[in-house]
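Residue-level structure breakdown
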Amino acid sequence: MALVHKHYRQRRALSFKSLEERCNRILRNMEGSLTARDRVGIQDFVLLDAYTSESAFLDNLRKRFHENLIYTYIGTLLVSVNPYKELDIYSKKQMDIYMGVNFFELPPHIYALADNVYRTMLSEFNHHFILISGESGAGKTEASKKILQFYAVSCPSTKLLDNVRDRLLLSNPVLEAFGNAKTLKNDNSSRFGKYMDIQFDHQGAAVGGHILSYLLEKSRVVHQNHGERNFHIFYQLVEGGEEDLLRWLGLQRNCQLYSYLVQGDCAKVSSINDKTDWKTVRKALDVIDFSESNIENLFGIIASVLHLGNVKFEADHKGYAVLNNSPEIHWLSKLLGIPAQVLQKGLTHRKIEAKTEEVLSPFTVEHAVYARDALAKAIYGRTFTWLVNKINESLANKDSSRKTVIGLLDIYGFEVFHVNSFEQFCINYCNEKLQQLFIELTLKSEQEEYEMEGIEWEPVPYFNNKIICDLVEEKYRGIISILDEECLRPGEATDLTFLEKLERTMGGHPHFVTHKLADQKTRKTLERGDFRLLHYAGEVTYCVVGFLDKNNDLLYRNIKEVMRQSKNAIVKHCFPSSEPDTKRRPETVATQFKASLVGLAEILMAKEPWYVRCLKPNDGKQPGRFDDVLVRHQVKYLGLMEHLRVRRAGFAYRRRYEVFLQRYKPLCPDTWPNWKGTAAEGVELLVKHLGYKPNEYKLGRTKIFIRHPRTLFATEDAFEICKHELATRIQAKYKGYREKGNFLKQKEAATKIENCWRGLKARKEREKRAWAVKVIKRFIKGFMTRNQPACLDNSEYLAFVRQNYLTRLKDNLPKSVLDQNTWLTPPPIMQETSQLLKALYTRHMVRKYVRGVTPQKKMQLQLKGLTSSMFKGRKENYPYSVCRPFLDTRISEEDIHVKVLQTIRHERIKYGAPVVKYDRNGFRTRFRQLIFTQTAAYLVEEAKVKQRVEYNALKGVSVSNLSDNFLILHVTCEDIKKKGDLVLQCDFLFEALTKLCVVANKQNCIKVVQGSVRFDIQPGREGFVDFKSGQEFMVYRAKNGHLMVESKKAKSR
Ligand SMILES: Nc1ncnc2c1ncn2[C@@H]1O[C@H](COP(=O)(O)OP(=O)(O)OP(=O)(O)O)[C@@H](O)[C@H]1O
Ligand SMILES: [Mg+2]
């Protein structure tokens, strides 16, 4: 069982793959369509308020029919209206939709019923049957095929099971070929009742089947009304049979040649393709395991019937029937394997028992024709039975394990024609029996449900048709018994004597009336040969003509014996020698039928019933036309109103608490949106809130029962109004929920990002710290090993030191060459580098400086160099002069007196500086100009050249080593008149002397002396200048007559 459910679940999962499909399903929800009742009618007649009104019933049916909604429920009964057109509601997709879905969840459908039956069977593990009834052409056979197809698709399958499934499916075309015919009402009318069992194993797989047939309309073999045909198989064989086969059977491809095929005068029908149908049947026979010989024999029989129909009798001189070597007898003899002679005799004579011996009595022609037709009917009828048995053999499941069964009963519904005969009598009797069964089963199940739900049983007012069944079938007193009696009675029994006997026996029965028994008013509607039964579905008038004959279905004994000799295995089998004592009359048709109905009732009583009632909308087989009168008639005779009445006797609507609460809980604040208690409590609260009156509903154990549809509709309407309100609220709530969701999502995302970011930052920080620790460690290690030779430990540190030193050095470079102190002290490893760099940088600065030196400056520097070479380290105040740049001259030409200029200009003035001259004698001081020309030095006082010293005459120049500015020019002086050496003081001592050296070209003429300098006052007379250091610069005449120059001691630099 678990496996089955798994299978189902899988199928369901497949079925509702997409959301769209699920939505569609909800849209189609039957409860939901309660609201669409105005347009599409209601889907369950039980909810019809005016349930006793045929018109309301019809209105609903019509409304739905015009919307192509051909199915409607009456509770679990399915009413189906033949659409007479292909509707797209039988696809595989549709099957999937209906598979495993609750009965009321989807719009009514034959699949819903089939599925529900199947699932109930599986879950309860019991037997079921589906009774399909309706007028000819209403769609019974189609419905049963749809059910079979649904099972073929929905049941679990394996290769082996597929075989069974194929046989079950293919048994249909075979049975239809032999048992269906074109009638005025239906081009494919089933001319027999069919009950088919489908057997399922415990896993729900179809594993076998069994077919029972009822009351085949054999008379059709020999006679067809105008516009009707014989059974399809005859036409299929003649039209579709292979040439060889036809030749072997002695047939020609022309239906017109066979009298049994042309009585209706419509051998060809546009809606039927006999050729293709033939192929289908041939293929089906193979699948159903018919052997070649079976098939040969079978078609031998079909052909024999055709030949038999063509047998013509002639009257001899006595008026007896004779057969004159007709070719038909030849073929019959060949196909049936009976000597022609024997056949001939059998067809023209009957055996009469005369006391001890049997005598053959010849037929009149009329009689012979009767006997011939009887034989044809018998052969065909028995062959049909054989065929059903053969199919059953092929469908039989040999496995003895317990199986559950779903029976399909495709049987004629109530028939009411203008003239109703024995067949209608049987059929309507059958329907009475089925109605009886329905009442028993429905009431039983209703009662069971009430009991199960713990609801007090309320008697259902309904009409029990048992009285009619009894009227027909009661032993000795029933119509059938009386009919049989008449048939068996010796003497002249006729249909009319039968009627008289009926009148005698049934007189006064409320459901039986004849012309004689009727009151005046009724009598007018009855013929003398009629009797009328008041069936549960309405009254039907039967004409007794032919009742006895049809009931007898007489086949003369001797022809049976002839058949028994047949070499055709099927015929032989159909006419067994073990047939009940030939001397006793066989059971009449009505009795057989009654017995078979008893059997059927027994079969059905042991099963759960389901019903499909088929209606035909019009007599013209036209789509879209709904003939009110015709449908009303069927509604009546199918007992639909009666059925509805029984259904509605109790409660119109019942649903499980969960389902009811789920749908209507929004109508009560206590149950909306969620009910915490049990569904039953919820429903109780809900109905109280809705104000249901106590007599309007009952609460069972698992279901709520609502008596009137109007209560439900009021609830539904309230729900409809409330739905809009709810939708808005739900929408608002949902929007809020969505926003909140979004917000929470964003918040969560933000927190997540924050966390991630923090994490990332922390990780980076940690990495940084770890890195820093490593770096510091390395740094410290490097520092500790900085003095070791370069190795892994200190290489980085040293690099750092190097770089650090270099960077610092870059920022702290000396600004000038003279700046010797700013050079950064290098770390030990940079000592060498530092030195190299320093030298390099110095050179760079020098070069830079040198590049920046102008020719004048160069000149000056050369002069300075010269000065240096003369005085550096020799004269105390020299260093102070270094930084004082030399000028070209200290006395510009403007400052020189014109007269002097005129005198000396031609010698080109090179330099001039103011000097203090000390008199050679008294050492008086005089301010003079000292001017160097190209050739001589002049001492000038204003406009007067005081002394001219040619450079040739310049012996030398003496200066002290101290910081005074005295210079003594030694002059060669031979002439006494000439002035002697010059004692001068010049602030620009070094400049003047350097210029002099250059101009006079006498580099070596300068002498730096210590202590004292001798000088010539005039030739032969000498004076002295003494130099010493003192506190203060002083110049005075010393006591010894020397000029004492005391100079301030220069600070060392
Ligand atoms: N559901 C359906 N959809 C489309 N057409 C249908 C349907 N049911 C019946 N028909 C049409 O109606 C015809 C008659 O249906 P069907 O043979 O089932 O009637 P029936 O009730 O078995 O009649 P009978 O009692 O004569 O056997 C079918 O051949 C088909 O053309
Ligand atoms: Mg049928």
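Everything below is about the structure shown above.
What you are looking at is a predicted structure, and each value in this text was computed from that prediction instead of being measured.

How each quantity is defined
- Counting restarts for each chain, with residues numbered from 1 along the sequence as it is written.
- To label them, take the chains in the order written and letter them from A, then take the ligands in the order written and number them from 1.
- It should be noted that, the model being predicted, local features are given only for residues of pLDDT at least 70 and side-chain atom pairs only at 80 or more, the latter also being counted only at that level, while totals for whole chains, interfaces and linings use all residues.
- Heavy atoms from the whole structure form the basis of all side-chain values; hydrogens and water molecules are not counted.
- In DSSP terms, a helix is any run of H or I states spanning at least four residues, a strand is any run of E spanning at least two, and both are numbered starting from the N terminus.
- Here the radius of gyration uses the C-alpha set of atoms, whereas the globule reference equals 2.2 Å times the residue count to the power 0.38.
- Only protein chains enter the area calculation, which uses a 1.4 Å probe; residues under 20% of their type maximum are buried, those over 50% are exposed, and those in between are partly exposed.
- Only heavy atoms enter the contact rule, under which two residues are in contact if any of them lie within 4.5 Å.
- Here the open area of atoms and residues is found with the Shrake-Rupley method and a 1.4 Å probe, where only the protein chains shown may cover a residue.
- The convention is simple: Lys and Arg are positive, Asp and Glu are negative, and His and the chain ends are not counted.
- Every charge is mapped onto a representative atom, which is NZ of Lys, CZ of Arg, CG of Asp or CD of Glu.
- Put simply, a residue is near a molecule or strand once any heavy atom of it comes within 4 Å of that molecule or strand.
- For this analysis, a polar contact is any N or O atom pair within 3.5 Å, provided that within protein one partner can donate a hydrogen and the other can accept it, and provided that sequence-adjacent residues contribute only side-chain to side-chain pairs.
- Polar here means any residue outside two lists: the nonpolar Ala, Val, Leu, Ile, Met, Phe, Trp, Tyr, Cys and Pro, and the charged Asp, Glu, Lys and Arg; Gly therefore counts as polar.
- Atoms are scored as donors when they are N, O or S and lie within 2.8 Å of the metal, with 3.2 Å used for Na, K and Ca; no water is included, so coordination may look incomplete.
- The rule for pairing is simple: two strands pair if DSSP sees at least two bridges between them.
- Axes, fitted as lines to C-alpha atoms, cover a helix only where it is in contact. Angles between the N-to-C directions of the axes lie from 0 to 180 degrees.
- Working definition of a nonpolar core: buried Ala, Val, Leu, Ile, Met, Phe, Trp, Tyr and Cys residues. They are joined through side-chain atoms within 4.5 Å.

Per the secondary structure count, the protein chain includes 36 helices and 31 strands. Relative to its length of 1053 residues, the protein chain is extended, with a C-alpha radius of gyration of 72 Å against a globular reference of 31 Å. Oriented by its inertia axes, the alpha-carbon framework of the protein chain measures out at about 225 × 75 × 60 Å. Residue burial in the protein chain is summarised as follows: out of 1053 residues, 50% are buried. In the protein chain, the share of contacts with a sequence separation of at least 24, taken over all contacts with a separation of at least 6, comes to 64%. A total accessible area of about 52,700 Å² is found for the protein chain, and carbon and sulfur atoms account for 53% of it. Looking at the protein chain, you have 164 positive and 124 negative side-chain charges, and the mean spots of the two groups are 17 Å apart.

All right, on to the site of ligand 1 then. Surveying the vicinity of ligand 1 reveals 17 residues, the closest of which are S136, K140, T141, S189 and S190. Here an oxygen atom of ligand 1 and a backbone polar atom of G139 are 2.9 Å apart. At 3.4 Å, a backbone N or O of N188 approaches an oxygen atom of ligand 1. Contact with the protein chains removes 86% of the 620 Å² of surface that ligand 1 exposes when unbound. Elements that contribute at least two residues to the shell around ligand 1 include exactly α7 (140-154) and β5 (189-190). Top contributing element to the shell around ligand 1 by residue count: α7, with three residues. Class assignment of the residues belonging to the shell around ligand 1 gives a composition of four nonpolar, nine polar and four charged.

All of the protein donors around the magnesium ion (ligand 2) are T141 (OG1) and S190 (OG); their distances to the metal are 1.9 to 2.0 Å. Here T141, found in helix α7, pairs with S190, found in strand β5; they are 49 residues apart in sequence, far enough to count as distant. Both residues of the pair, T141 and S190, count as buried.

The antiparallel open sheet is built from three strands, whose spatial order is β17-β19-β18. The open sheet is flanked by β17 (653-656) and β18 (697-699), the only strands paired with a single partner. On average, each strand axis in the sheet is tilted by 15° relative to the strand beside it, whichever way the strands run. Sheet topology note: the β18/strand β19 (residues 703-706) ladder contains three bridges and is antiparallel. Counted as the bridge partner of K698 is F705 from β19. In this fold helix α28 (residues 657-664) packs onto β17, β18 and β19, with an angle of close to 95° to the strand it touches most, β17.

Take the nonpolar core next. Core analysis: the biggest nonpolar cluster contains 117 residues, and I130, Y151, F178, I233, F234, F299 and M563 have the highest contact counts within it. Once residues lying within four places of it in the same chain are set aside, the contact partners of F234 are V221, L261, I302, V305, L306 and Y380.

By themselves, these are just geometric observations and shouldn't be taken as functional.
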